[in-house]
Amino acid sequence: AGVVKVHAAHDGAVLGKITSSFVGVHTNTITKDDVIAGVQNATFSIAALAISANNSSTTQAISKVSTNNITGQTRAWLHNAIVDAHGLAGVSVTVLDKSSYFAQSSDFQGNTWQFSSIELGKAAATNEVTKDVTATVVTTTMSVPNGAVVVEAKNLQDIRSISKALTVIDRPSNLFNS
């Protein structure tokens, strides 16, 4: 028998951008950033079994007030199985999450003398990320005489928030008027 591979991947992108340094609020809300690969209730007599889940999605929010709210999971699992893997590649259950989240608040530059009054607001960039990254083997019988058994989960997410400066420019005072 040959090699059985079960693979799930996500490499999509979400970009929300408001091109204004004066006003703008943008929020990306993703409630199911899920990448799941699994095998359950199965019997195999094969050379090798490879189960993997990879997430390399990108989420960006760029405006005066920018927020990414992300919830999800990247999981690979082998549950309630019987595996006879007689090849050199053995059995692997692996997860790699390399998602990236970027929130940026644009800078603001204004000449206050152009306005009769001015109120300064906020600039904010926030990433709220709740994600599970797991690889599991549960209630499984394995015979792997020639290869290795690898169960591995790597969380290499890149999460960045940048708030840029607020600059206010006022005209010089007239020293002769009091």
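Everything that follows concerns the structure shown earlier in this document.
No experiment lies behind these values; they were computed from the predicted model shown.

Draft legend 1. Representation of the environment of Ser106. Within the secondary structure, Ser106 is located in the loop between β8 (100–105) and β9 (108–111). It is 7.5 Å that separates the C-alpha atoms of Ser106 and Ala123, two residues lying 17 residues apart in sequence.

Draft legend 2. Broad picture of unusual backbone geometry. With a phi angle near 55°, Asn41 is a residue other than glycine that sits in the positive phi range. Mapped onto the elements of the fold, Asn41 is located in the loop between β3 (25–40) and β4 (43–55). Exposure remark for Asn41: the relative accessible area of 57% places this residue in the exposed category. Despite not being glycine, Asn80 shows a phi value in the positive range, around 50°. Positionally, Asn80 belongs in the loop between β6 (65–79) and β7 (82–97). On the accessibility criterion, Asn80 (36% relative accessible area) is partly exposed.

Draft legend 3. Structural context of the nonpolar core. Core analysis: the biggest nonpolar cluster contains 21 residues, and Phe44, Leu49, Ile51, Leu78, Val83 and Val91 have the highest contact counts within it. Secondary structure elements with two or more residues in this core: β3, β4, β6, β7 and β10 (124–138). Among all residues touching Val91, those that are not within four sequence positions of it are Leu49, Leu78, Val83, Ala85, Met142, Val144, Ala148, Val149 and Val150.

Draft legend 4. A look at the sheet that holds strand β5 (residues 58–63). Spatially, the four strands line up as an open sheet ordered β2-β5-β8-β13, and their pairing is parallel. A strand with exactly one partner marks an edge of an open sheet, and here the two such strands are β2 (13–17) and β13 (158–163). Sheet twist, expressed as the average angle between the axes of neighbouring strands with direction ignored, equals 0°. Across six bridges, the pairing between β5 and β8 is parallel.

Draft legend 5. Local environment of the sheet that holds β10. Strand order in the open sheet made by the three strands is β3-β6-β10, with parallel pairing throughout. Edge positions in the sheet fall to β3 and β10, since each of these pairs with one other strand and no more. The sheet shows a mean angle of 0° between the axes of neighbouring strands, taken without regard to direction.

Draft legend 6. Broad picture of the pairing of β5. Strand direction decides the pairing type here: β2 and β5, joined by five bridges, are parallel. Residue pairing for β5: Gly16 is matched across the bridge by Ala61.

Draft legend 7. Structural view of the pattern of salt bridges. Applying the stated rule across the entire model yields four salt bridges. In this structure, the salt-bridge partner of Asp97 is Lys131, at a minimum N-O distance of 2.8 Å. Of this pair, Asp97 sits in strand β7 while Lys131 sits in strand β10, and the two are 34 residues apart along the sequence. Assigned by exposure class, Asp97 and Lys131 land together as buried. Within the structure, one salt-bridge network assembled from shared partners comprises Asp33, Asp97 and Lys131.

Draft legend 8. The environment of Asp158, seen in detail. Position of Asp158 among the secondary structure elements: in strand β13. Put simply, Asp158 and Ser99 are 59 residues apart on the chain and 6.4 Å apart in space, counted from C-alpha to C-alpha. Aside from chain neighbours lying at most four places away, what touches Asp158 is Ser99, Ser100 and Tyr101.

Quick notes on the rules
- Residues numbered from 1 in each chain as written.
- Predicted model: local features only at pLDDT ≥ 70, side-chain atom pairs only at ≥ 80, totals over all residues.
- Heavy atoms only, no water.
- Helix = DSSP H or I, 4+ residues; strand = E, 2+ residues; numbered from the N terminus.
- Buried < 20%, exposed > 50% of the residue type's maximum accessible area, 1.4 Å probe, protein only.
- Core = buried A, V, L, I, M, F, W, Y, C linked by side-chain atoms within 4.5 Å.
- Contact = heavy atoms within 4.5 Å.
- Pairing = 2+ DSSP bridges.
- Axes fitted to C-alpha atoms, helices over the stretch in contact; angles between N-to-C directions.
- Salt bridge = Lys/Arg side-chain N within 4 Å of Asp/Glu carboxyl O.

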